[in-house]
Amino acid sequence: MDSTKNATISGERIIEPIAAFEPSHFFSSAIVAVQVFSATAKPNWYKAGYLNQAVPVPFSLGLALGESRFISLYTPIIVKFLRFPSNYQVSFEVPKYFQDCTLKIWEFVDNQ
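Residues numbered from 1 in each chain as written. Predicted model: local features only at pLDDT ≥ 70, side-chain atom pairs only at ≥ 80, totals over all residues. Heavy atoms only, no water.

**Student:** Would you mind showing me how to read the side chain of Ser91 here?
**Tutor:** You can see Ser91 is positioned in strand E8 (residues 89–93). Residue classification places Ser91 among the buried residues on the basis of a relative accessible area of 17%. Not counting chain neighbours up to four residues away, the residues in contact with Ser91 comprise Phe21, Glu22, Tyr50, Leu51 and Asn52. (Helix = DSSP H or I, 4+ residues; strand = E, 2+ residues; numbered from the N terminus. Buried < 20%, exposed > 50% of the residue type's maximum accessible area, 1.4 Å probe, protein only. Contact = heavy atoms within 4.5 Å.)

Written out as C-alpha coordinates, the structure is:
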(Lines give C-alpha, C1' and ligand atoms only; values in the text may rest on other atoms or scores of the structure.)
Protein backbone atom coordinates (compact mmCIF):
# COMPACT_ATOMS: atom_id res chain seq x y z
CA MET A 1 0.00 0.00 0.00
CA ASP A 2 1.27 3.44 -0.90
CA SER A 3 -0.93 6.41 -0.03
CA THR A 4 -0.51 10.17 0.39
CA LYS A 5 -2.73 12.60 2.31
CA ASN A 6 -2.62 16.36 2.82
CA ALA A 7 -3.96 18.65 5.53
CA THR A 8 -6.35 21.43 4.58
CA ILE A 9 -4.36 24.66 4.85
CA SER A 10 -5.40 28.31 4.74
CA GLY A 11 -2.44 30.66 4.47
CA GLU A 12 0.11 28.94 6.71
CA ARG A 13 -2.46 27.60 9.17
CA ILE A 14 -3.76 24.03 9.23
CA ILE A 15 -7.56 24.16 9.16
CA GLU A 16 -8.16 20.41 9.00
CA PRO A 17 -5.39 17.98 10.06
CA ILE A 18 -4.65 14.80 8.15
CA ALA A 19 -7.16 12.06 8.97
CA ALA A 20 -5.84 8.63 9.99
CA PHE A 21 -4.85 6.28 7.19
CA GLU A 22 -7.28 3.33 7.34
CA PRO A 23 -6.63 0.92 4.47
CA SER A 24 -9.39 -1.61 3.85
CA HIS A 25 -6.88 -4.45 3.34
CA PHE A 26 -6.93 -7.34 5.83
CA PHE A 27 -3.42 -8.51 6.71
CA SER A 28 -2.72 -12.20 7.33
CA SER A 29 1.01 -12.00 8.13
CA ALA A 30 2.14 -10.76 11.54
CA ILE A 31 5.11 -9.05 9.86
CA VAL A 32 4.87 -5.79 7.92
CA ALA A 33 7.38 -3.16 6.82
CA VAL A 34 6.47 0.51 7.12
CA GLN A 35 7.99 3.75 5.88
CA VAL A 36 6.62 7.29 6.24
CA PHE A 37 7.62 10.43 4.35
CA SER A 38 6.68 14.10 4.54
CA ALA A 39 7.84 16.62 1.94
CA THR A 40 7.17 19.52 4.32
CA ALA A 41 8.60 18.06 7.55
CA LYS A 42 11.16 20.18 9.35
CA PRO A 43 14.72 18.77 9.54
CA ASN A 44 14.48 18.15 13.31
CA TRP A 45 11.23 16.13 13.13
CA TYR A 46 11.63 12.41 13.79
CA LYS A 47 8.13 11.32 14.84
CA ALA A 48 5.92 10.08 11.99
CA GLY A 49 3.02 8.70 14.06
CA TYR A 50 1.55 5.47 15.37
CA LEU A 51 0.70 2.30 13.48
CA ASN A 52 -2.20 0.47 15.12
CA GLN A 53 -3.28 -3.14 14.70
CA ALA A 54 -7.06 -3.67 14.79
CA VAL A 55 -8.50 -7.16 15.23
CA PRO A 56 -12.11 -8.18 14.51
CA VAL A 57 -13.91 -9.33 17.66
CA PRO A 58 -17.09 -11.43 17.93
CA PHE A 59 -20.58 -10.38 18.93
CA SER A 60 -20.79 -7.45 16.49
CA LEU A 61 -18.37 -5.36 18.56
CA GLY A 62 -16.34 -4.41 15.49
CA LEU A 63 -12.58 -4.01 15.87
CA ALA A 64 -10.41 -4.10 19.00
CA LEU A 65 -6.95 -2.57 19.36
CA GLY A 66 -4.24 -5.24 19.20
CA GLU A 67 -0.96 -3.30 19.37
CA SER A 68 0.23 0.23 18.71
CA ARG A 69 3.76 0.96 17.45
CA PHE A 70 5.67 4.25 17.18
CA ILE A 71 6.97 4.86 13.65
CA SER A 72 9.91 7.17 12.90
CA LEU A 73 9.89 9.54 9.94
CA TYR A 74 11.80 8.38 6.80
CA THR A 75 13.31 5.25 8.41
CA PRO A 76 11.97 1.94 7.09
CA ILE A 77 10.96 -0.32 9.98
CA ILE A 78 9.88 -3.94 10.24
CA VAL A 79 7.01 -4.50 12.67
CA LYS A 80 6.07 -7.87 14.09
CA PHE A 81 2.55 -7.69 15.49
CA LEU A 82 0.83 -10.14 17.80
CA ARG A 83 -0.61 -13.19 16.03
CA PHE A 84 -4.36 -13.70 16.18
CA PRO A 85 -6.53 -16.48 14.75
CA SER A 86 -8.13 -13.99 12.35
CA ASN A 87 -6.70 -11.46 9.92
CA TYR A 88 -6.30 -7.87 11.07
CA GLN A 89 -6.39 -4.32 9.75
CA VAL A 90 -4.10 -1.37 10.45
CA SER A 91 -4.53 2.35 10.88
CA PHE A 92 -1.88 5.04 10.99
CA GLU A 93 -2.30 8.21 13.07
CA VAL A 94 -0.39 11.26 11.83
CA PRO A 95 0.65 14.15 14.13
CA LYS A 96 -1.77 17.10 13.86
CA TYR A 97 0.99 19.48 12.69
CA PHE A 98 1.88 17.52 9.52
CA GLN A 99 0.94 19.26 6.27
CA ASP A 100 1.43 16.15 4.14
CA CYS A 101 2.20 12.48 4.72
CA THR A 102 2.97 9.47 2.55
CA LEU A 103 2.55 6.03 4.11
CA LYS A 104 4.01 2.87 2.60
CA ILE A 105 3.19 -0.57 4.02
CA TRP A 106 4.44 -3.91 2.72
CA GLU A 107 3.11 -7.20 4.04
CA PHE A 108 5.60 -10.04 4.42
CA VAL A 109 4.29 -13.11 2.59
CA ASP A 110 5.91 -16.46 3.28
CA ASN A 111 5.92 -18.64 0.17
CA GLN A 112 6.69 -21.90 1.97
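Don't stop here, the text continues.
**Student:** How do you make sense of the environment of Val90 when you look at a structure like this?
**Tutor:** By secondary structure assignment, the location of Val90 is in strand E8. Judged by relative accessible area, Val90 falls into the buried class, the value being 5%. Along the backbone, Val90 and Val32 are 58 residues apart, and their C-alpha atoms lie at a distance of 10 Å. Contact partners of Val90, with chain neighbours within four places excluded, come to Phe21, Glu22, Pro23, Phe27, Leu51, Asn52, Phe81 and Ile105.

**Student:** How do you make sense of the nonpolar core when you look at a structure like this?
**Tutor:** Among soluble globular proteins, nonpolar side chains are generally buried collectively. Val32, Val34, Val36, Leu51 and Phe92 are the most contacted members of the largest nonpolar core, which has 23 residues in total. Mapped by element, the contributors of at least two residues to this core are strand E4 (31–37), strand E5 (47–57), E8 and strand E9 (100–107). Not counting chain neighbours up to four residues away, the residues in contact with Phe92 comprise Ala20, Phe21, Val36, Ala48, Gly49, Tyr50, Leu51, Ile71, Cys101 and Leu103. (Core = buried A, V, L, I, M, F, W, Y, C linked by side-chain atoms within 4.5 Å.)

**Student:** I would appreciate a short explanation of the sheet that holds strand E7 (residues 77–80) in the present structure.
**Tutor:** In any sheet, the strands associate via hydrogen bonds between backbone groups, in a parallel or an antiparallel arrangement. Taken in spatial order, the four strands line up as E1-E9-E4-E7 in an open sheet, and their pairing is antiparallel. Two strands lie at the open edges of the sheet, namely strand E1 (2–6) and E7, each paired on one side alone. Taking the axes of each pair of neighbouring strands and ignoring which way they run, one obtains an average angle of 25 degrees across the sheet. (Pairing = 2+ DSSP bridges. Axes fitted to C-alpha atoms, helices over the stretch in contact; angles between N-to-C directions.)

**Student:** Looking at this structure, how should I read the sheet that holds strand E6 (residues 62–72)?
**Tutor:** Strand order in the open sheet formed by three strands is E6-E5-E8, and the pairing between neighbours is antiparallel. Both edges of this open sheet fall to E6 and E8, since each of them pairs with a single strand only. On average, adjacent strands in this sheet sit at an angle of 25 degrees to one another, irrespective of strand direction. Pairing analysis gives nine bridges linking E5 to E6, with the strands arranged antiparallel. If you follow Pro56 over to E6, its bridge partner there is Leu63.

**Student:** Any chance you could explain the pairing of strand E3 (residues 13–16) here in plain terms?
**Tutor:** Regular strands place side chains that alternate from one sheet face to the opposite one. In terms of strand pairing, strand E2 (residues 8–10) meets E3 through three bridges, oriented antiparallel. When the bridges of E3 are listed, Ser10 appears paired with Arg13. What sits between the antiparallel neighbours E2 and E3 is a turn of two residues, in which Gly11 has the positive phi angle 70 degrees.

**Student:** So what exactly am I meant to see when it comes to the pattern of salt bridges here?
**Tutor:** Between side chains of opposite charge, pairing is possible as soon as their charged atoms come close. Scanning all chains against the criterion turns up two salt bridges. Of the charged contacts in the structure, one is a salt bridge between Asp2 and Lys104, with a shortest N-O distance of 3.8 Å. Note that Asp2 is positioned in strand E1 and Lys104 in strand E9, a separation of 102 residues in sequence. Between Glu67 and Arg69 there is a salt bridge whose closest N-O contact spans 3.1 Å. On the accessibility criterion, Arg69 (27% relative accessible area) is partly exposed. (Salt bridge = Lys/Arg side-chain N within 4 Å of Asp/Glu carboxyl O.)

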